[in-house]
Amino acid sequence: MNRGAFAAIVKDNTVLLVRSRTVPQYVNFWSLPGGVVEDGESLQAAAQREVKEETGIICTIEDLLAEVDNIPSDIRVSIFKAQYVSGLISIDDIEIAEARWLSLDQTIALPLAYNTKAIIQALEFRELPSLA
């Protein structure tokens, strides 16, 4: 089984989502940035590399949020929580059609790829209400 690594990057109460140009089943859906782990590469390094290649964003990888087996694609996907470090969105227009920072409410209204909605909701990146 192949391995994939993706990152849920939080910045100012938004999360970075991408829309694929090359993966047919995801062309019309938004997902987290990520991709296939290369030989000898750690899952965390793969997630960081894929984010940088696809979006131009530099992030630090934190906790593992989930591992999912995508049986039809024969791939086990690891999804990490990540923090924004630097960079402006600059898409790899060969692989990526679009990339945006979106609030939780904006993401839920979009057509989301496999398990993306559940992962975003698990992030709990919205600001807590004031108790004052």
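S.K.: Tell me about the overall build of the protein chain, and please be specific about residues and values.
M.R.: Along the protein chain, the regular secondary structure elements total three helices and seven strands. Each helix (α) and strand (β) of the protein chain, taken in turn from the N terminus, gives the series β-β-β-β-α-β-β-β-α-α. Relative to the compact-globule value of 14 Å for 132 residues, the protein chain shows a C-alpha radius of gyration of 14 Å, a close match. The principal-axis extents of the C-alpha atoms in the protein chain amount to approximately 50 × 30 × 30 Å.

S.K.: Before we move on, can you summarise the pairing of strand 5 (residues 58-70) with the specific residues and values?
M.R.: Judged from the 10 bridges that link them, strand 5 and strand 6 (residues 75-86) form a sheet pairing that is antiparallel. Within the sheet, the bridge partner assigned to Leu-64 lies in strand 6 and is Phe-80. Here strand 5 hands over to strand 6 after four residues, with Asp-74 in that stretch at a positive phi of 55 degrees.

S.K.: Lay out the confidence of the model for the protein chain with the relevant residues and their values.
M.R.: Summing up the model confidence of the protein chain, the mean pLDDT is 87 and the portion of residues at 70 or higher is 93%. Mean pLDDT values for the elements of the protein chain range from 80 in helix 3 (residues 116-123) up to 97 in helix 1 (residues 43-55). Here residues 126-132 is a poorly scored stretch, pLDDT under 50, and it has four contacts once near neighbours within four places are set aside; other chains count.

S.K.: Kindly report on the pattern of salt bridges, identifying the contributing residues and their values.
M.R.: This model, assessed by the stated rule, comprises eight salt bridges. Among the ionic pairs, Glu-67 bridges to Arg-3, the shortest N-O distance being 2.8 Å. Placement of Glu-67 in strand 5 and of Arg-3 in strand 1 (residues 2-11) is noted, with a sequence separation of 64 residues between them. One salt bridge in this structure joins Glu-98 and Arg-19, with 3.1 Å as the shortest N-O distance. Here Arg-19 lies in strand 2 (residues 14-20) and Glu-98 lies in strand 7 (residues 96-102), a separation of 79 residues in the sequence. Classification of Glu-98 as partly exposed rests on a relative accessible area of 21%.

S.K.: Go over the packing of aromatic side chains with me, naming the residues and quoting the values.
M.R.: Any aromatic ring pair is given by two values, namely how distant the centres are and how the planes are angled relative to each other. Enumeration over the complete set of coordinates arrives at one aromatic pair. Relative to Trp-101, the ring of Tyr-84 lies with its centre 5.7 Å away and its plane at 80 degrees, an arrangement referred to as edge-to-face. Of the two residues, Tyr-84 sits in strand 6 while Trp-101 sits in strand 7, which places them 17 residues apart along the sequence. We classify Tyr-84 as partly exposed; its relative accessible area is 25%.

S.K.: Requested: an account of the side chain of Thr-55, with residues and values cited.
M.R.: Here Thr-55 shows up in helix 1. A relative accessible area of 0% places Thr-55 in the buried class. Polar side-chain contacts of Thr-55 include one of 2.7 Å to the backbone oxygen of Val-51.

S.K.: Quick rundown of helix 1? Include the residues and the values.
M.R.: For helix 1, built from 13 residues, the straight-helix expectation of 18 Å at 1.5 Å per residue is met to within 8% by its first-to-last C-alpha distance of 18 Å. Taken together, the buried positions of helix 1 are Ala-46, Ala-47, Arg-49, Glu-50, Val-51, Glu-54 and Thr-55. Looking at the buried positions of helix 1, the neighbouring elements they touch are strand 1, strand 2, strand 4 (34-36), strand 5, strand 6 and strand 7. One or two positions beyond helix 1, positive phi appears at Gly-56, with a value near 80 degrees.

Rules and cut-offs
Residues numbered from 1 in each chain as written. Predicted model: local features only at pLDDT ≥ 70, side-chain atom pairs only at ≥ 80, totals over all residues. Heavy atoms only, no water. Helix = DSSP H or I, 4+ residues; strand = E, 2+ residues; numbered from the N terminus. Rg over C-alpha atoms; globule rule 2.2 N^0.38 Å. Pairing = 2+ DSSP bridges. pLDDT = per-residue confidence, 0-100. Contact = heavy atoms within 4.5 Å. Salt bridge = Lys/Arg side-chain N within 4 Å of Asp/Glu carboxyl O. Buried < 20%, exposed > 50% of the residue type's maximum accessible area, 1.4 Å probe, protein only. Phe/Tyr/Trp six-rings, centres within 6.5 Å; stacked < 30°, edge-to-face > 60°. Polar contact = N/O pair within 3.5 Å; in protein donor to acceptor, adjacent residues only side chain to side chain. Expected span 1.5 Å × (residues − 1).

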